[in-house]
Amino acid sequence: GDSVTQMEGPVTLSEEAFLTINCTYTATGYPSLFWYVQYPGEGLQLLLKATKADDKGSNKGFEATYRKETTSFHLEKGSVQVSDSAVYFCALINTNAGKSTFGDGTTLTVKP
Amino acid sequence: EAGVAQSPRYKIIEKRQSVAFWCNPISGHATLYWYQQILGQGPKLLIQFQNNGVVDDSQLPKDRFSAERLKGVDSTLKIQPAKLEDSAVYLCASSRAGGPGNTQYFGPGTRLTVL
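Residues numbered from 1 in each chain as written. Chains lettered and ligands numbered in written order. Predicted model: local features only at pLDDT ≥ 70, side-chain atom pairs only at ≥ 80, totals over all residues. Heavy atoms only, no water.

**Q** Is there a simple way to think about the overall build of chain B in this case?
**A** When helices and strands are counted, chain B shows zero helices and eleven strands. Reading chain B from its N terminus to its C terminus gives the helix and strand order β-β-β-β-β-β-β-β-β-β-β. The C-alpha atoms of chain B give a radius of gyration of 13 Å, which matches the 13 Å a tight globule of 115 residues would have. In terms of principal-axis extent, the alpha carbons of chain B reach across some 40 × 25 × 25 Å. (Helix = DSSP H or I, 4+ residues; strand = E, 2+ residues; numbered from the N terminus. Rg over C-alpha atoms; globule rule 2.2 N^0.38 Å.)

Right, here's the structure in full:
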């Protein structure tokens, strides 16, 4: 079946540091890929997405590129802020059945 | 527009009791999802509806879990009888359609504690 593997956390960075959260996937067909974010005390919300190979999703300074050759969708941000502290989830939706699969999440803490 | 609504927000029950959760999706969204999120893990899809028909329920423990979506709008998820391992946050999400590019919008979740 489909699976999503995220780098284990927690990740702690200083403000303005560079962020990378790794995500790799296994899926049949050509899935769409997503990053969701959960801020403290809030629900899951979409951060960015990419629906085909080589697409780059971007939002709020975050970027991720759909790499079919390495089955990866790593999340990056050039300069993190304290307000970026949250749990980040990588996910895919399989084109065959529209079924969603989530990674286990990576907790990011940004210190001033 | 209003978001996905869920109730209750919190529920504490004893094992072997029954519990039900309610979800009201965003107006006009045809697809509705129920997820189980155990602490420290990502959400796991339990069931997916397209209008009032089931698209996928392969990970729903059908001996104790049931879900329905009457009239293709609101949905309820029931557990009977509950087990200790059912302690989790139950998330409801909706999207305009069920295709892979469609964004899912999540509700705040119901935190279930089974004692």
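Having put the structure on the table, let's press on.
**Q** Just checking my understanding: could you explain the side chain of B:Gln6 for this structure?
**A** Residues and elements named next belong to chain B. Along the chain, the position of glutamine 6 falls in strand S1 (residues 5–7). On the accessibility criterion, glutamine 6 (7% relative accessible area) is buried. Of note is the side chain of glutamine 6, whose polar atom sits 3.0 Å from the backbone oxygen of tyrosine 90. A polar contact of 2.9 Å, which involves the side chain of glutamine 6, links it to the backbone nitrogen of glycine 109. (Buried < 20%, exposed > 50% of the residue type's maximum accessible area, 1.4 Å probe, protein only. Polar contact = N/O pair within 3.5 Å; in protein donor to acceptor, adjacent residues only side chain to side chain.)

**Q** Explain the state of the cysteines here, please?
**A** Among covalent bonds in proteins, the disulfide is the one between the sulfur atoms of two cysteines. Tallied over the entire structure, the rule returns two disulfides over all chains. Two residues, A:Cys23 and A:Cys90, share a disulfide whose sulfurs are 2.0 Å apart. Between A:Cys23 and A:Cys90, the S-S dihedral sits near -70°, and the bridge is therefore left-handed. With a gap of 67 residues between them, A:Cys23 in strand S4 (residues 23–26) and A:Cys90 in strand S10 (residues 86–93) connect regions that are remote in the sequence. In this structure A:Cys23 comes out as buried when scored by relative accessible area, which is 1%. Look at A:Cys90 and you get buried, because its relative accessible area is 2%. The residue that forms a disulfide with B:Cys23 is B:Cys92, at a sulfur-sulfur distance of 1.9 Å. Negative torsions about the S-S bond denote left-handed disulfides, and the value of about -70° found for B:Cys23 with B:Cys92 makes this one left-handed. One end of the pair, B:Cys23, is in strand S3 (residues 19–24); the other, B:Cys92, is in strand S9 (residues 88–95), and 69 residues separate them in sequence. (Disulfide = S-S within 2.5 Å.)

**Q** Explanation requested: the interface of chain A and chain B in the structure shown.
**A** When the parts come together, some accessible area is lost, and that loss is often what is quoted as the size of the interface. Listed per partner, the contact involves 20 residues of chain A and 23 residues of chain B. Both faces considered, chain A and chain B share a buried interface measuring about 1500 Å² in area, 53% of it formed by carbon and sulfur atoms. Among the residues chain A hides against chain B, the three largest losses belong to A:Leu44, A:Lys99 and A:Phe102. Together they make up 31% of the total. Our enumeration of links across chain A and chain B arrives at zero salt bridges. Remark: the boundary between chain A and chain B carries six residue pairs in polar contact (both at pLDDT 80 or more). Of all the secondary-structure elements, those providing two or more residues to the side of chain A that touches chain B are strand S5 (32–38), strand S6 (45–50), S10 and strand S11 (100–102) of chain A. (Contact = heavy atoms within 4.5 Å. Buried area = accessible area lost by both parts, 1.4 Å probe. Salt bridge = Lys/Arg side-chain N within 4 Å of Asp/Glu carboxyl O.)

**Q** Is there a simple way to explain the pairing of S6(A) in this structure?
**A** As a general feature of sheets, a regular strand has side chains that alternate between the two faces. Bridging between S5(A) and S6(A) involves five bridges; their strand directions are antiparallel. Its bridge partner being in S6(A), A:Leu33 is matched across the sheet by A:Ala50. (Pairing = 2+ DSSP bridges.)

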